[in-house]
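Each chain, written out:
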Amino acid sequence: MLKILNVVGARPNLMKMAPIMAAIARRSGELSQILVHTGQHYDDAMSGAFFRELAIPHPDIDLGIGSGTHAQQTARAMLAFEPVLVAQQPDWVVVVGDVNSTLACALVASKLDVAVAHVEAGLRSFDWTMPEEVNRVLTDRIARLLLTPSADADANLEREGVNSKRIVRVGNIMIDTLMRQLEQARRSRVLDDLGLRARAFAALTLHRPSNVDDPDALRHIAAALGEVARRLPVIFPAHPRTLARMREFGIAAPPGVRVLEPMGYIDFLQLWSNARLVLTDSGGLQEETTALGIPCLTLRANTERPITVEQGTNQVVGSDPERILAAVDSILRGELARAWRVPELWDGHTAERIVGALIGHARQ
Ligand code: UD1
């Protein structure tokens, strides 16, 4: 019996872990699993609600690390995770994504010689000012099994000298959850509750430190979003970090930008999948919009998910108001109805392939 210890920490980890745990549970004759939550995200809206909606088992262990600086968060997770790992002695530690909890737990495991599997390996923005880029590169360097979403990720790892035997392309785990939850989302009342008509609004998310932690950058982006909102309403379920910064800097949402509390997965899926376009600095949403063919404008200078631009519906537009508006206008004119396709292996069966790789690459 292989014992798997799964780690989650922050909101975007939860939709990735849900299908993996379900697929492991389906092979309970061969596999056992436990779930550790570092507690990096702790609000019900950022964590608990997703456990309920996505039917993720209650964490066996919650490390309760909470918010803090990068060093505090990473160090607290490492200190709290080490005794858990020593006591549990799993065959695999499975980490997902690129948040501080991902790197912290991978580092602890590698020092204790416990094999680490990294789901969503190989993505690179090549922008070392992003904390996630540091987390991605370092986690991949120490993980034993690199489970990638797409060929560009394989190529990045090979360029970094990773032995190709450690790389398994499994596809995009976010899409497993998206496909599983779509029917449920179609029953959500969120559009009616907000008085919205399908395709008559834009959905916005914004939380990257580079966009929201600097008052000038945030003011600049807010002005651009105000212009977008003159063309169509902008619905903005806001991350707590962004709300806190807006308050701190005294920046109000421009007219036409409706700021809401963070939404659960199902309502938010129903919201963005009915939007005319999505504006975001999230990583996951770039992929999800590509899976459903919704135009996406990424409010960042770069992306670690270039396949969403090459094959999907994503455009990287940065934070320059003119560029954002030009892209919005061309979408509204229908000019972006260009050919796009769902990348290979983004098919809803990534979790099964991950489980197959964990079994196939386990230490004898
Ligand atoms: C983290 C990840 C980021 C991911 C994002 C998704 C890192 C380096 N960043 O960023 O990659 O895209 O999660 O949400 O790991 N807060 C709350 N309640 C919570 C959690 C956070 O109010 O439950 C507030 C706190 O003020 C906190 C701030 O949000 O200081 C930032 O949280 P943190 O986990 O440090 O980073 P995120 O911006 O959420």
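Here the structure is a predicted model, which means the values were calculated and not measured. (Residues numbered from 1 in each chain as written. Predicted model: local features only at pLDDT ≥ 70, side-chain atom pairs only at ≥ 80, totals over all residues. Heavy atoms only, no water.)

Caption draft 1: Quick peek at unusual backbone geometry. Unlike most non-glycine residues, Gln89 shows phi in positive territory, near 50°. Here Gln89 is to be found in the loop between α3 (70-88) and β4 (92-96). (Helix = DSSP H or I, 4+ residues; strand = E, 2+ residues; numbered from the N terminus.)

Caption draft 2: Main features of the sheet that holds strand β7 (residues 167-169). Ordered in space as β3-β2-β1-β4-β5-β6-β7, the 7 strands form an open sheet in which the pairing is parallel. This sheet does not close on itself; its edge strands, each paired only once, are β3 (61-62) and β7. As paired elements, strand β5 (residues 115-119) and strand β6 (residues 145-148) share 3 bridges and run parallel to each other. Bridged to Val119 within β6 is Leu147. Across the sheet, helix α1 (residues 11-25) lies against β1 (2-8), β2 (31-37), β4 and β5, angled at about 165° from β1, the strand it touches most. Running at roughly 165° to β1, α3 makes contact with β1, β2, β3 and β4 of the sheet. (Pairing = 2+ DSSP bridges. Contact = heavy atoms within 4.5 Å. Axes fitted to C-alpha atoms, helices over the stretch in contact; angles between N-to-C directions.)

Caption draft 3: Representation of the sheet that holds strand β12 (residues 296-298). Taken in spatial order, the 6 strands of this open sheet run β10-β9-β8-β11-β12-β13, and their pairing is parallel. Two strands close off the open sheet at either side, each with one partner strand: β10 (257-260) and β13 (314-316). If you compare each strand with its neighbour and ignore which way they point, the axes differ by 20° on average. As paired elements, strand β9 (residues 234-237) and β10 share 4 bridges and run parallel to each other. The residue of β10 that forms the bridge with Phe236 is Val259. Taken strand by strand, helix α10 (residues 215-231) contacts β8 (202-204), β9, β10 and β11 (277-280), and its axis lies near 130° from that of β9. Sitting on the sheet, helix α15 (residues 321-332) touches β11, β12 and β13, and the angle it makes with β11 is about 160°.

Caption draft 4: Representation of the packing of helix α12 (residues 265-273) against helix α13 (residues 284-292) in the model. Where α12 meets α13, the axes come as close as 11 Å, and the angle between the chain directions of the two elements is 60°. With respect to each other, α12 and α13 are oriented oblique. Along this stretch, α12 crosses α13, giving a crossing that reads as right-handed. Residues Tyr265, Phe268, Leu269, Trp272 and Ser273 of α12 touch α13, and the partners they reach there are Leu285, Glu288, Thr289 and Leu292. Tallied by class, the residues present in the contact of α12 with α13 amount to 6 nonpolar, 2 polar and 1 charged. (Parallel < 35°, antiparallel > 145°, perpendicular 65-115°, else oblique. Left-handed = near helix turned anticlockwise from the far one by under 90°. Nonpolar A, V, L, I, M, F, W, Y, C, P; charged D, E, K, R; others polar.)

Caption draft 5: Summary view of the nonpolar core. Membership of the largest hydrophobic core comes to 62 residues, with the highest contact counts inside it found for Trp92, Leu147, Leu271 and Trp272. Considering each element in turn, this core owes the most residues, 8 residues, to α1. Counting 30 residues, the second largest nonpolar core, distinct from the first, contains Leu218, Leu232, Phe249 and Val317. (Core = buried A, V, L, I, M, F, W, Y, C linked by side-chain atoms within 4.5 Å. Buried < 20%, exposed > 50% of the residue type's maximum accessible area, 1.4 Å probe, protein only.)

Caption draft 6: Expanded view of the site of the ligand. In the vicinity of the ligand lie 17 residues, with His41, Asn100, Glu132, His207 and Arg241 positioned nearest. A distance of 2.7 Å separates an oxygen atom of the ligand from a polar atom in the side chain of His41. In the complex, the protein chains occlude 86% of the 740 Å² of accessible area that the ligand would expose alone. Here the shell around the ligand is built from residues that sort into 5 nonpolar, 8 polar and 4 charged. (Near = heavy atom within 4 Å. Polar contact = N/O pair within 3.5 Å; in protein donor to acceptor, adjacent residues only side chain to side chain. Areas by Shrake-Rupley, 256 points an atom, 1.4 Å probe, with all protein chains shown as cover.)

Caption draft 7: Structural detail: the environment of Ala203. Summarising the element assignment, Ala203 is placed in strand β8. Between the C-alpha atoms of Ala203 and Ala252, which are 49 residues apart in sequence, the distance is 18 Å. Look past the residues within four positions of Ala203 in its chain and what remains in contact with it is Ile235, Leu271, Trp272, Ala275, Leu277, Val278 and Leu279.

Caption draft 8: The arrangement of the side chain of Glu288 in detail. In this fold, Glu288 is placed in helix α13. Buried Glu288, no salt bridge; nearest opposite-charge side chain is Lys16, N-O distance 8.9 Å. (Lys, Arg positive; Asp, Glu negative; His and termini not counted. Salt bridge = Lys/Arg side-chain N within 4 Å of Asp/Glu carboxyl O.)

Caption draft 9: Summary view of α1. Here α1 is 15 residues long and its end C-alpha atoms lie 22 Å apart, about the 21 Å a rise of 1.5 Å per residue gives. At Met17, α1 shows its strongest bend, of approximately 30°, with the proline Pro19 following within four residues. For α1, a buried count of 12 out of 15 residues is recorded, marking the element as mostly surrounded by other parts of the structure. Of all the positions in α1, only Arg11, Asn13, Leu14, Met15, Lys16, Met17, Ala18, Pro19, Ile20, Met21, Ala23 and Ile24 are classed as buried. (Expected span 1.5 Å × (residues − 1). Bend = angle between axes of the 7 residues up to and from the residue.)

Caption draft 10: Just the pattern of salt bridges, in detail. Applying the stated criterion to the full structure yields 25 salt bridges. Residue Glu120 is joined to Lys16 by a salt bridge in which the shortest nitrogen-to-oxygen separation is 2.9 Å. Taken together, the residues span a long stretch of sequence, with Glu120 in the loop between β5 and α5 (131-142) and Lys16 in helix α1 at a distance of 104 residues. Judged by its relative accessible area of 4%, Lys16 is buried. The closest approach of N and O atoms between Asp140 and Arg124, which form a salt bridge, is 2.9 Å. Here the residue Asp140 occupies a position in helix α5, and Arg124 occupies one in the loop between β5 and α5, the gap between them amounting to 16 residues. Just as Asp140 is buried, Arg124 falls in that class too. Salt bridges sharing partners connect three or more residues here, namely Lys16, Asp98, Glu120, Glu133, Arg136, Glu287, Arg300, Glu304 and Arg305.

Honestly, it's all geometry; don't read function into it.
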